[in-house]
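Working through the structure, step by step
Read off the chains here:
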Amino acid sequence: MNVAAIKNGKGGVMPPAQTDTVSGMLSASGISKAFGATQALDDVSIRLEPGEIHGLIGENGAGKSTLVKTLCGVHRPDAGTIEVGGESITGWSPEIAIASGLITVHQDVNLIETMTVTENIFLNAEIKRGPFLDRQAMAAEAQQLLDTLMLEISPEAVLGSLPTDLRKMVQLARAMRQKPRVLLLDEPTSSLTADEVDILISQVKSIAATGVSVLYISHYLNEVFEHTQSLTILRDGKTAWQGATSDITLPEAIRTMIGGTLRTSQKIDASTKQLGEPVLKLRNLTLGHRLSDISFDVRPGEILGIGGLIGAGLGDLARTIFADPDYRATSGDIMMDGERVDWTSPADAMGAGIGLVTNDRHRSGAIVDFSIADNIGLPSLSRFSNKFGVLKTTALKAEVDDQMQQLSVKAAGPLAALSTLSGGNQQKVMLAKWFMTNPRVLILDEPTIGVDIGAKQSIKDLILQKAAEGCAVVILSSEMDEIVEVADRALILFRGRIVARLDEPGFTQEDLTNAANASFNPKISTQTTEKSVETIS
Amino acid sequence: MNSVIAFGRRNLNIIQLVLVVLILSATIYSMNPRFLSPVNLSNLLGQMVTLLIVSLGMTIVIINGEFDISVGSMVGLTGAVMGWFMVAMPAAYTTPFWEAHPVLLMVLGISAALLVGPMLAVLSGLLVTQFLIPSFIVTLGMLMIARSLTLVVTGGQPIAGIPESLKAFGVSRPIEIPLPIADVGLRLPSIFLVAVLVYVIGWFVMNRMAFGRKVYSVGANPTVARLAGINTTKVKLQCFAIVGFCASIAGVLNVMRIGAVSPNSGQGLEFEVIAAVVIGGTSLSGGRGTVLGTVLGVIIIVLIRNFLNLARIDIFWQDFATGAIIMTAVILNALQRRVSGAPA
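All values derive from a computational prediction rather than experimental measurement.

Right, let's talk about the overall build of chain A for a bit. Across its full length, chain A carries 19 helices and 22 strands. When the 537 residues of chain A are sorted by exposure, 56% land in the buried category. The long-range fraction of contacts in chain A, counting pairs at least 24 apart against all pairs at least 6 apart in sequence, stands at 69%. Entry remark: accessible area of chain A is about 21,900 Å², with carbon and sulfur atoms responsible for 50%.

Let us look at the overall build of chain B. Scanning chain B from N- to C-terminus turns up 16 helices and two strands. For 344 residues, the compact-globule estimate of 2.2 N^0.38 gives 20 Å, and the C-alpha radius of gyration of chain B, at 21 Å, lies within 12% of that figure. In terms of overall dimensions, chain B has a C-alpha envelope of 70 × 55 × 40 Å along the principal axes. Within the span of chain B, comprising 344 residues, buried residues form 50% of the whole. Taking all contacts inside chain B whose residues are at least 6 apart in sequence as the whole, residues at least 24 apart take part in 76%.

Our next topic: the packing of helix α5 (residues 71–92) of chain B against helix α7 (residues 102–131) of chain B. Between two packed helices, the angle of one axis relative to the other and the distance separating the axes together describe the packing. All names here are of chain B. Viewed as axis vectors pointing N to C, α5 and α7 meet at an angle of 150°, and their least axial separation amounts to 8 Å. Taken together, the axes of α5 and α7 are roughly antiparallel relative to one another. You can see that α5 and α7 cross each other, and the crossing is right-handed. In this structure, α5 uses Met74, Leu77, Thr78, Val81, Met82, Phe85, Met86, Met89 and Pro90 to contact α7, whose residues at the interface are Leu105, Met106, Leu108, Gly109, Ile110, Ala112, Ala113, Val116, Gly117, Leu120 and Ala121.

Contacts between chain B and chain A engage 20 residues on the former and 30 residues on the latter. Among the residues chain B hides against chain A, the three largest losses belong to B:Arg213, B:Arg226 and B:Leu227. Together they make up 31% of the total. At the junction of chain B with chain A, the criterion picks out four salt bridges. Note that A:Asp369 is salt-bridged to B:Arg288, the shortest N-O span being 2.7 Å. Applying the counting rule to chain B against chain A returns seven residue pairs in polar contact (both at pLDDT 80 or more).

Another point: the domain arrangement of chain A. Residue and element names in this part refer to chain A. According to the domain assignment, chain A contains domain 1 (4–258) and domain 2 (278–362 + 439–516). Placing the centre of domain 1 and that of domain 2 at their C-alpha centroids yields a distance of 33 Å. Residue-level contacts link 13 residues of domain 1 with twelve residues of domain 2. Here domain 1 and domain 2 share two salt bridges between them. The salt bridge involving Arg255 is made with Glu510; its shortest N-O contact spans 2.5 Å. Among the elements that take part in the side of domain 1 that touches domain 2, helix α10 (residues 250–258) stands out by supplying three residues, more than any other.

To continue, consider a nonpolar patch on the surface. Residue and element names in this part refer to chain B. A cluster of nonpolar side chains, Leu123, Leu126, Leu127, Phe131, Ile133, Phe136, Ile137, Leu140 and Met144, forms an exposed patch at the surface whose accessible area comes to about 810 Å². Mapped onto the nonpolar patch, the elements with two or more residues apiece are α7 and α8 (135–154). Tracing the chain through its elements places Phe136 in helix α8.

Every other side chain in a regular strand lies on the same face of the sheet, so the side chains alternate between the two faces. Residues and elements named next belong to chain A. By the criterion of burial, strand β1 (residues 26–35) is predominantly enclosed, with seven of the ten residues buried. Note that β1 and strand β4 (residues 79–84) share five bridges and pair antiparallel. Across the sheet, the residue bridging to Ser27 is Glu83, located in β4. Sheet topology note: the β1/strand β2 (residues 38–48) ladder contains seven bridges and is antiparallel. Counted as the bridge partner of Lys33 is Leu41 from β2. Counting the residues between successive antiparallel strands, the hairpin from β1 to β2 contains two residues, one of them, Gly36, with a positive phi of roughly 60°.

About the criteria used
- Residues numbered from 1 in each chain as written.
- Chains lettered and ligands numbered in written order.
- Predicted model: local features only at pLDDT ≥ 70, side-chain atom pairs only at ≥ 80, totals over all residues.
- Heavy atoms only, no water.
- Helix = DSSP H or I, 4+ residues; strand = E, 2+ residues; numbered from the N terminus.
- Buried < 20%, exposed > 50% of the residue type's maximum accessible area, 1.4 Å probe, protein only.
- Contact = heavy atoms within 4.5 Å.
- Areas by Shrake-Rupley, 256 points an atom, 1.4 Å probe, with all protein chains shown as cover.
- Rg over C-alpha atoms; globule rule 2.2 N^0.38 Å.
- Axes fitted to C-alpha atoms, helices over the stretch in contact; angles between N-to-C directions.
- Parallel < 35°, antiparallel > 145°, perpendicular 65-115°, else oblique.
- Left-handed = near helix turned anticlockwise from the far one by under 90°.
- Buried area = accessible area lost by both parts, 1.4 Å probe.
- Salt bridge = Lys/Arg side-chain N within 4 Å of Asp/Glu carboxyl O.
- Polar contact = N/O pair within 3.5 Å; in protein donor to acceptor, adjacent residues only side chain to side chain.
- Domains from an automatic or database assignment.
- Patch = residues over 30% accessible without salt bridge, like charges linked within 9 Å, V, L, I, M, F, W, Y side chains within 5 Å.
- Pairing = 2+ DSSP bridges.

Below, the structure is given as structure tokens:
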């Protein structure tokens, strides 16, 4: 373990980018980590030379975040060794990782909004003169760091007053202050606009030029391909490919990521479907800078898939359609049955027949303390109470029982607390909750997130069944195989815009993944009728 | 058998509280057998009415994820308003009309008093929901405002001269329950019966009405509630109205029981109320708690007070004991959740 790096940092006022000549070098070998029966990482090795930018890609659940969490000391691996600069790390904790020079810039901006830029950069590593804070020294060093990163922000600015991209840069400045030998960047660009991405990447390159090794984890394959020298592709916890980035093409990488084998879809042939007039239409729906000009139609009985990477705005779109007050559309129209609607709350949207299964069960979907029946009944309270508001408990329980059987929810009974159920069964309860409102349009935001393969399959079956009953289904997902399996048509969202429309059945997972990496010039399959692919860079 | 175990697991908290009540009762009885005498029990029931009714409102507002610490002042202000309408106003504006219609005066006084709590509590609720200020701070302000208004309305002096019929109701004990252990039966005070009625309604609202589900869900997770189509602001305001109304009912009954308006009545009540609610198992973070638990929490508070008196514990040490017991109850709840693996 090397603690010299951080000791040197105390009191030093010179930015590390200019003076620190210690070679950064990471060597992780044979890393394995299991969670219960799931082998999240299986014998993964990565080696980074000084100054190298190494890309790490893979599908959701491939093991990227487990690897990052292992490297930055959050998880202790079951097997394997990690060496930084030739010295092996023997203990596992975030403090040890930081002390050895393994600095992580996490996906979420985890800084304190009420503090200034300087205070954030020096949080828990303040420069002191005796027992007192040396504000002058910190301000000077912060200014120097910001200059190095070519950031025109005041070190005295309160973080909360800065836009998201600059906060990300402050996070980078804080990482620089910690004298990294290896910099782990976890989805550094997911909340940034195209211009901001360019700035960030040029900063990362200049950091690497000083000898720091960078591990660049991203869903944006085009960024990874443009800016990394070497690449690791993870699939199902194993290294699926490793080598120089120039040795592989993007389409090959995508095939490697998804495993090449595409599951056959069991969906009903769209051509045999009797589709009526569109029930829900969106026209140029815009939500600030997060969503622009979203337009689509969806008909009863049809499943529309909307794919996109994390950060593409799938969740924002779902909430905007559902009239969540925190996601009020800034312009554009929503139409039901051809009539423009003006919903101001989810209750309005529900009244018109919309249902929304949100993408985060814990934060916005489930109340785990509640029983299954109480969770399922929540959006249907008015239907199951008389005019005085007295609940018809017997009727409610009977229908909940019925839903639980249809969805084969495994639980002790409708009165069992939701917290006693497995993730897959909890997710089924989320579906049941909205199935019971008899929606005309069901919006499913990442409906199979955090559930095992078996439950995934039965959830997809349920979605197909619901559409067969005449419900219009919009499924938003970052897992392209899911869209291929259930959707009749697909849209691809990229940084809040629709960049591709695949209107004819027969599109493949590769088509979708290619389109989702829009600024890589994608050869979308010939079945695509409307190639409204925009290049955003 | 399995269903018995399941019932036990679901109601573990209630079962524990009942055990505590039994143990406390047995201890007090062994110290002084007169504790279980019908007269003493009847007195205890009358004395706990204020605490009972206010605690119900507090339970609902805390389950909803908010707080109202102004309840004690609200009890005082309600009594003051009632006294002003029934005594001060007719005295100041003597008219033949009021002398001819004493019943109308009573109805007017009680109605006005019952409106005070809900109105001011909804005002607190509006500040909380519109300006997103923590309810603790808003109702702390309301606590001081309402206490000040009480002193203004009463002039800082007790108001006597409450109509005799109301006083009579306040001390009447119309129902007698025969007890196997004594010759005389347990006489239930009228105001206690009012409290029982309030609790029956409260239990029904929280367990058998859609509104109850909304209160729990808004307290447990406002985002989930909002995305299920629930108007969370409206539910919060309704809960504030309920806690204010409970404080006003308690204030009116309190005047009837004492037979006069005291400018200090209800002072410090909020501490006992919150203690009772917390001991009853209601989570201060919202979404979790029961009406029945609160009943038991109130009984435990009253028993502890009785016990400390009977044990001749120095009055200066009594709050120390109550405070320690509250902490123990909260720690036990937290440990229990940790053991059962439920989220805190």
